[in-house]
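Each chain, written out:
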Amino acid sequence: MKKLKRALPFLTVALALALTACGSSGTSGSPSDTGQQGGVEKVIKVGATAVPHAEILEHVKPTLAKEGIKLEVVTFSDYAQLNPQLVDKQLDANYFQHIPYLDNFNQQKGTDLQWIAKVHIEPMGIYSKKIKSVDDLKSQGGTVAIPNDATNGGRALALLAKAGVIQLKPGAGVTATVRDIVQKPGNLTIRELDAAMLPRALDDVTAAVINTNYALQANLNPTKDAIFLESADSPYANVLVVRKGDEKRPELVKLAQALTSDDVKQFIEQKYHGAVVPAPALAPALQ
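Let me begin by describing the structure that accompanies this report. Here the structure is a predicted model, which is why all the values come from computation and not from measurement.

## So, unusual backbone geometry
With the exception of glycine, the majority of residues adopt a negative phi angle, and the majority of peptide bonds are in the trans configuration. Between V51 and P52 the backbone carries a cis peptide bond, its omega angle lying at 0°. Considering the arrangement of structural elements, one finds P52 in helix α2 (residues 50-66). Phi angles above zero are rare outside glycine, and N219 is one such case at about 65°. On the secondary structure map, N219 appears in the loop between α8 (212-217) and α9 (222-225). Exposure remark for N219: the relative accessible area of 70% places this residue in the exposed category. Phi is positive for H273, which is not a glycine, with a value near 50°.

## Remarks on the pattern of salt bridges
Counted by the stated rule, this structure contains 11 salt bridges. A salt bridge links E67 to K254; the shortest N-O distance between them is 3.5 Å. One end of the pair, E67, is in the loop between α2 and β2 (69-76); the other, K254, is in helix α10 (residues 250-259), and 187 residues separate them in sequence. Accessibility expressed as a relative area gives 47% for E67, which makes it partly exposed. Of the residues examined, K254 reaches a relative accessible area of 34% and is grouped as partly exposed. A salt bridge links K129 to D203; the nearest nitrogen and oxygen atoms lie 3.0 Å apart. Of the two residues, K129 is situated in the loop between β5 (125-127) and α5 (134-140) and D203 in the loop between α7 (198-201) and β10 (207-210); the sequence distance between them amounts to 74 residues. Exposure remark for K129: the relative accessible area of 56% places this residue in the exposed category. Through salt bridges with shared partners, a single network forms among D92, R243, D246, R249 and E251.

## Focus: the side chain of H53
By secondary structure assignment, the location of H53 is in helix α2. In this structure the side chain of H53 is engaged in a polar contact, spanning 2.7 Å, whose partner is the side chain of N238. For H53, the contacting residues outside a window of four places in its chain are A48, Y95, F96, H120, E122, N213 and N238.

## A word on the environment of E41
Along the chain, E41 turns up in the loop between α1 (2-24) and β1 (42-49). Under the relative-accessibility criterion, E41 is labelled buried at 18%. Sequence separation between E41 and I69 is 28 residues; the distance between their C-alpha atoms is 5.6 Å.

## Some details on the sheet that holds strand β13 (residues 277-282)
Consider a sheet: its strands pair through backbone hydrogen bonds, and that pairing is either parallel or antiparallel. As summarised here, the arrangement of the six strands in space is β2-β1-β3-β12-β4-β13, forming an open sheet in which the pairing is mixed. A single partner strand is all that each edge strand has here, and the edge strands are β2 and β13. Across this sheet, the average inter-strand angle for adjacent strands is 25°, counted without regard to direction. Note that β1 and strand β3 (residues 93-98) share three bridges and pair parallel.

## Side note on the nonpolar core
Grouped together as the largest cluster of nonpolar side chains are 34 residues, with contacts concentrated most on L57, L71, L240, L255 and Y272. Broken down by secondary-structure element, the contributors of at least two residues to this core are β1, α2, β2, β3, β4 (114-121), β12 (237-242), α10 and α11 (262-272). Apart from the residues within four sequence positions on either side, L57 is in contact with V46, A48, L71, V73, Y95, L255 and L259. Within the second largest apolar cluster, 25 residues are counted, among which are F105, V205, A208 and A215.

Cut-offs applied
- Residues numbered from 1 in each chain as written.
- Predicted model: local features only at pLDDT ≥ 70, side-chain atom pairs only at ≥ 80, totals over all residues.
- Heavy atoms only, no water.
- Helix = DSSP H or I, 4+ residues; strand = E, 2+ residues; numbered from the N terminus.
- Buried < 20%, exposed > 50% of the residue type's maximum accessible area, 1.4 Å probe, protein only.
- Salt bridge = Lys/Arg side-chain N within 4 Å of Asp/Glu carboxyl O.
- Polar contact = N/O pair within 3.5 Å; in protein donor to acceptor, adjacent residues only side chain to side chain.
- Contact = heavy atoms within 4.5 Å.
- Pairing = 2+ DSSP bridges.
- Axes fitted to C-alpha atoms, helices over the stretch in contact; angles between N-to-C directions.
- Core = buried A, V, L, I, M, F, W, Y, C linked by side-chain atoms within 4.5 Å.

Given below as structure tokens:
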């Protein structure tokens, strides 16, 4: 009897621990459990290129956390992987592309990805380590590198046309190719390279037409270093993209609203000083 009395305290502790374990077993295996007041945190995984997209997403993390949403930002160096991974459901959304790029991808791949928020515009620029003005390209020619994907290549050619370096066929549009060039300096060569490689190509070419995200990663300041810069009224707004059917998924709608908020607009203006321009607008279905 004495042995039983001495054992009772230990049995009581063991029983309490067992009950505690049983009481928590319903949520311990859930990766979205917040552990706070029994609430469940929604997790969304968003793919992005590093600058400025991932930086802007990191900025809205605290806002979403207050809504019970955990934002996981997956950074890619090769933006060509982002849409395929969204289609394959490895991501819940992505944020890296402008609307012409999205439209071209859907047309080429037979997909139906949807944009739900216009967030910002990155004015594309012409950069050089060898000349000081686009007038030098007109008079001296040389080699100009442009992105090798359809929409950014067309955009780069349109910028060269706007700068007066080349002329394009009327109506060539955003998918213009080098075959649409109808006039250029006789000794001007256009070289098509992967967009991410363009900043590194500056040592080897006369000039390069570079997307702002890659320019920023290479410590180029578009407003100071570009010899010619796309105007701020560019139609190439960078958008938050989801799979068709997810447009009104609550946590993705919250993300779209956060990315088009006044807070994000102020963040963009203060951090990028005109190199990135806010373009706050939700898709019509969400307005």
